[in-house]
Every structure is written in C-alpha cells, then in structure tokens.
Amino acid sequence: MTESTPSFSGPLAGKTIALGVSGSIAAYKAADLTSELRKAGADVHVVMTESATKFISVLTLGTLSRNPVLTSFWDEEGWQPGHIELADKIDLFLVAPATAQQVGNYANGLAPDLLGAIYLATKAPVMLAPAMNGKMYEHEAVQKNLETLKGRGVEIIEPVVGELACGYEGIGKLALVSEITETVLSYIA
Ligand SMILES: Cc1cc2nc3c(=O)[nH]c(=O)nc-3n(C[C@H](O)[C@H](O)[C@H](O)COP(=O)(O)O)c2cc1C
C-alpha cells in the first residue's frame, strides 16, 4: 500500500494559516474547512477554544490538518509559547466559526485564550467568519464590535440567512465553507 505524505501543492502552497475554531454549533464545519484549505496547499494549524472542543474533537481537526492542535496556554511545549511562534509565522489568521465572545475579545483587545492572544500578537491579516443566533448577531454590541474590527482592517465573512441551530430562522448561519475558502484564496493565494 502506498502511504500518502502531507502535500503542500496547490494555490495556497507555501502559505501558513492559523485556523481558530470557537464554541459555536457550526464548529463541526471547521472539519471541512480544514480539509479544503489543506487540499489547496496551505499548512493549516488549528487553534481551538475550550468551548470548541465540546463541539468537535481535537483528534478530528488534528488529523485533517496534519498538525498538532493548540487548545490551551498551559500545555504548550518548548521555550517559546507555541501560540507566539504561530502568530509570528502565519500568513493569515482565520477564525471560523467566530463566536460573539471572540468578536468581543478582539474588538476590545482581550486575550483570555489562545485566539485572543494570537489576534493581538500577529501582524498577519485577520479574517473572521462569525456564526451565532440572529438576535445576538444583530445586537448593537456585536455590531459595534464588528465595526471596530472592520475599521482595523479585519475582513469579516458575513454570516448568511437560514435555519439556525437554536430553532430560529434568520441571519447568523456560518458562511458556506466554499465561500470562506474562496475568500481566503482571493486574499492570500
Ligand atoms: C449548543 C450551543 C451552541 C452555541 N452556539 C453559539 C454560536 O453559534 N455562536 C456564539 O457566539 N455562541 C454560541 N454558543 C455560546 C458559546 O459557546 C459561549 O458564548 C462560549 O463562551 C464561547 O466561548 P469561545 O468563544 O471561547 O469558544 C453556543 C452554546 C451552546 C451550548
């Protein structure tokens, strides 16, 4: 049997992406997104919040990305914190799905978790794909945070209208994985 080795050919070859995954029901879609980005040639490093690990496993995203997954400040190895090393080397910081919590953290410069710390530490472009209940998404506080981030040059991949996991119909559904991938390609390929 021929073993396949990690392949980094494709339009994103040579690009390193930190893919942040936060605690939304849409976190399971990060599996497809990881796969699509890797197949496009990117070296994908997944960083998960503790909440995200309730929705999708480290094993799944680690296997699909073919890289170790970072989940906590406290189990990093080596003299340099892994999240700082990652923040320094990436070509893109993409968070999909991004919760209301994450949007608020970045807008306010808070680093209670690895994702907030990477947001503050990286000089790479930042792209967020928010996903949440429609009323949460439309709340003035969330919209203000998104405007703040847009004002800093953060690319927001808008959520779409659809049936939401909370039972409502409306805006707040994570953008299609294909749209997120296309946006990444148009940005850094
Ligand atoms: C079933 C379930 C689904 C959730 N989905 C979302 C969501 O889509 N978007 C969101 O902002 N929060 C959602 N939450 C709430 C977040 O998990 C919660 O705010 C958490 O603190 C986010 O933390 P994190 O950003 O560190 O992952 C959900 C919670 C539960 C229990």
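Predicted model, so just to flag it, every value in this text is computed and none were measured.

Caption draft 1: Up close: the pairing of strand S2 (residues 43-48). Counting buried positions over the six residues of S2 gives six, a clear majority of the element. On S2, burial covers both faces: Asp43, His45 and Val47 on one face and Val44, Val46 and Met48 on the other are all buried. Looking at chain direction, strand S1 (residues 16-21) and S2 are connected through six bridges and run parallel. Within the sheet, the bridge partner assigned to Leu19 lies in S2 and is Val46. This β-α-β element, S1 to helix H1 (residues 29-39) to S2, shows right-handed connectivity.

Caption draft 2: Looking closely at the sheet that holds strand S4 (residues 126-130). Strand order across the open sheet formed by five strands is S2-S1-S3-S4-S5, with parallel pairing between neighbours. The sheet is open, and its two borders are formed by S2 and strand S5 (155-156), each paired with just one other strand. Where strand S3 (residues 92-98) lies against S4, four bridges are found, and the strand directions are parallel. Note on S4: the bridge partner recorded for Val95 is Leu128. Across the sheet, helix H9 (residues 177-188) is in contact with S3, S4 and S5; its angle to S3 comes to roughly 165°.

Caption draft 3: Representation of the site of the ligand within the structure. Taken together, 15 residues sit near the ligand, with Gly23, Ser24, Thr49, Ser51 and Thr99 positioned nearest. A total of three residues in the shell around the ligand trace back to one element, the largest contributor, which is helix H5 (residues 100-107). Looking at the shell around the ligand residue by residue, the classes come out as six nonpolar, eight polar and one charged.

Caption draft 4: Molecular detail of the environment of Leu33. Checked against the element boundaries, Leu33 lands in helix H1. Judged by the 26 C-beta atoms lying within 10 Å of it, Leu33 is buried. Those residues in contact with Leu33 that sit more than four places away from it in its chain are Leu19, Ala96, Val177, Ile180 and Thr181.

Caption draft 5: Expanded view of the nonpolar core. Formed by 57 residues in total, the largest nonpolar core has its most connected members in Leu19, Ala96 and Ile118. Setting aside residues no more than four positions away along its own chain, Ile118 makes contact with Ala18, Val47, His83, Leu86, Ala87 and Phe93.

Calculation rules
Residue numbers here run from 1 along each chain, matching the order of that chain's written sequence. Where totals are concerned, whole chains, interfaces and linings use all residues; where local detail is concerned, this predicted model gives features only for residues with pLDDT of at least 70, and gives and counts side-chain atom pairs only at 80 or more. Exposed residues have 12 or fewer other C-beta atoms within 10 Å of their own C-beta, buried residues have 20 or more, and partly exposed residues fall in between, where C-beta atoms are placed from the backbone. Per the convention used, a helix needs a DSSP run of H or I reaching at least four residues, while a strand needs a run of E reaching at least two, with both numbered from the N terminus. The pairing criterion is simple: DSSP has to find at least two bridges between the two strands. A crossover gets the label right-handed when its path from the first strand over the helix to the second runs clockwise, viewed with the strands pointing away from the viewer. Residues are treated as contacting if the C-beta atoms built from their backbones sit within 7 Å of each other. Structural elements are reduced to axes, namely lines fitted to C-alpha atoms, with helices fitted over the stretch in contact, and the angle between N-to-C directions of any two is expressed from 0 to 180 degrees. Think of it this way: take the backbone, place a C-beta atom on it, and check whether that atom is within 6 Å of the molecule or strand, in which case the residue is near it. Any residue outside Ala, Val, Leu, Ile, Met, Phe, Trp, Tyr, Cys, Pro, Asp, Glu, Lys and Arg is labelled polar, Gly included; the first ten of those are nonpolar and the last four are charged. Here, a nonpolar core denotes buried Ala, Val, Leu, Ile, Met, Phe, Trp, Tyr and Cys residues that are linked to one another through C-beta atoms within 7 Å.

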